[in-house]
Amino acid sequence: QVQLVESGGGSVQAGGSLRLSCAASGNTYSTACMAWFREIPGKEREGVAAIRSDGRTTYRDSVQGRFIISRDNAKTTLYLQMNRLKPEDTAIYHCAADRNFCPLTPYDYNYWGQGTQVTVSS
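Residues numbered from 1 in each chain as written. Predicted model: local features only at pLDDT ≥ 70, side-chain atom pairs only at ≥ 80, totals over all residues. Heavy atoms only, no water.

**Student:** I would appreciate a short explanation of the pattern of salt bridges in the present structure.
**Tutor:** Two side chains of opposite charge can pair, provided their charged atoms sit close to one another. Counted under the stated rule, the structure contains six salt bridges. Among the ionic pairs, R38 bridges to D89, the shortest N-O distance being 3.0 Å. Here R38, found in strand β4 (residues 33-39), pairs with D89, found in the loop between β8 (77-82) and β9 (91-98); they are 51 residues apart in sequence, far enough to count as distant. Taken together, the shared-partner salt bridges in this structure form one network comprising R38, E46, R60, R66 and D89. (Salt bridge = Lys/Arg side-chain N within 4 Å of Asp/Glu carboxyl O. Helix = DSSP H or I, 4+ residues; strand = E, 2+ residues; numbered from the N terminus.)

And the structure:
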């Protein structure tokens, strides 16, 4: 009952920045938690950052200090500001939403976007 559409991906050189957006529509009460995950070749889908509707955030260690997750509750839009990008950040980034929990594991999220490609060259 929730639709998520990501945008903002692209190709940048190492050290550059990108801002990803995720627009949510449908049952907005089911987006109490929104999060970013990424798919990297050879790895399981991994959590990048999560944010609750009250603003509480969680980051994985490898992006902490470089990425900032935020949300505009009025617009029901999720953002990920990505700074000081590294080649290892290259991945397909997916937006996810859930109304109850906010972990950095993908198994509990009910709604997913189609993903947006981020490529960081050295």
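And the narrative resumes.
**Student:** For this particular structure, what's the right way to read the pairing of β8?
**Tutor:** Moving residue by residue along a regular strand, the side chains alternate between the two faces of the sheet. Burial analysis of β8 places five of its six residues in the buried class, the great majority of the element. By the bridge criterion, six bridges tie strand β3 (residues 18-26) to β8 in an arrangement that is antiparallel. Following the sheet pairing, A23 is matched in β8 by T77. Two strands pair when backbone bridges link them, and strand β7 (residues 67-72) and β8 are joined in this way by six bridges, in the antiparallel orientation. Looking across to β8, one finds that I68 is bridged to Q81. Where β7 folds back on β8, the antiparallel hairpin that results is connected by four residues, among which T76 adopts a positive phi of roughly 50 degrees. (Buried < 20%, exposed > 50% of the residue type's maximum accessible area, 1.4 Å probe, protein only. Pairing = 2+ DSSP bridges.)

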